[in-house]
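Residue-level structural notes
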Amino acid sequence: MPPAPLIFETLSGAALTARLDTLAGLRIRVFRDWPYLYEGDPAHEARYLAAYAQSPGALVVAASTPQGEAVGMATCQPGREASEKLRASWAAAGLDAATLCYFGESVLLPEYRGQGAGVRFFQEREAHARHLGLSIAAFCSVVRNENDPRRPRDYTPLDDFWHNRGYEPRPDISTVMHWREVGDTRETPHVLSFWIKRFS
């Protein structure tokens, strides 16, 4: 029997604030795995998502089961409302934050992958970007060494999926973020490289 279809909601402002703890826990669960290996902190995650709730143009797409279990989420916000560090990365590459929509992350529990949620996350965020009159979508992914011994043997990069959605890698645009990896006691720097899509 096929699984019941997921339910998708778009959240912002107060509606997002009401779901912060649940979505923060979801981010921690997914980002703990390769390639991020992120040792998340619930309080930090809630503060991170609260910034989206306070961002006037931001949107979060949430996916849940018919029983109400949160299983996935994706974020976006206008470039001019993104962090100063991100805006500096775009400016250095000649990209105008006022024309750009930043896709912060897309997370989904492993058992719900392959059912179209990833496509839906991009569709909803791109529609929001167009609604805001923005002409570019951008997201970044962590850069890892292909020979890293922690890389699972069955890991499949998402590059082909992103290409199929119309995104192109821009290794010339990057930023550095710090987080504590699983098993570490201190935060370390991580390079994240951008992917870009221009709307026609």
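Now for a look at the structure at hand. (Residues numbered from 1 in each chain as written. Predicted model: local features only at pLDDT ≥ 70, side-chain atom pairs only at ≥ 80, totals over all residues. Heavy atoms only, no water.)

1. Quick look at the overall build of the protein chain
- Secondary structure assignment for the protein chain yields 6 helices and 7 strands.
- For the protein chain, the N- to C-terminal ordering of α and β elements is β-α-α-α-β-β-α-β-α-β-α-β-β.
- A globule of 200 residues ought to have a C-alpha radius of gyration of about 16 Å, and the protein chain, at 16 Å, matches this closely.
- If you line up the protein chain on its principal axes, its C-alpha atoms span 50 × 40 × 35 Å. (Helix = DSSP H or I, 4+ residues; strand = E, 2+ residues; numbered from the N terminus. Rg over C-alpha atoms; globule rule 2.2 N^0.38 Å.)

2. Digging into the nonpolar core
- With 58 residues, the main nonpolar core has L16, L23, W90, Y102, F103, Y167 and F194 as its most contacted residues.
- Non-local contacts of Y167, meaning those with residues more than four positions away in its chain, are made with F103, F122, E126, A137, F139, W162, W195, I196 and K197. (Core = buried A, V, L, I, M, F, W, Y, C linked by side-chain atoms within 4.5 Å. Buried < 20%, exposed > 50% of the residue type's maximum accessible area, 1.4 Å probe, protein only. Contact = heavy atoms within 4.5 Å.)

3. Structural notes on unusual backbone geometry
- Cis geometry is found at the peptide bond from W34 to P35, where omega equals 10°.
- Here the phi dihedral of L37 falls at roughly 55°; this positive angle occurs in a residue that is not glycine.
- Here L37 lies in the loop between α2 (20-31) and α3 (42-53).
- Under the relative-accessibility criterion, L37 is labelled buried at 12%.

4. Let's talk about the sheet that holds strand β6 (residues 168-179)
- On the basis of which strands lie adjacent, the open sheet formed by 7 strands has the order β1-β2-β3-β4-β5-β7-β6 and mixed pairing. Since the sheet does not close on itself, it has two edges, and those belong to β1 (7-11) and β6, each with one partner. Averaged over all pairs of adjacent strands, the angle between strand axes in this sheet comes to 25°, irrespective of strand direction.
- Of the pairings in the sheet, the one linking strand β2 (residues 59-64) to strand β3 (residues 70-78) comprises 6 bridges and is antiparallel in character. Bridging from a neighbouring strand, V60 pairs with T75 of β3.
- Along the sheet face, helix α4 (residues 84-92) touches β4 (100-108), β6 and β7 (188-198) and points at about 155° away from the line of β6. (Pairing = 2+ DSSP bridges. Axes fitted to C-alpha atoms, helices over the stretch in contact; angles between N-to-C directions.)

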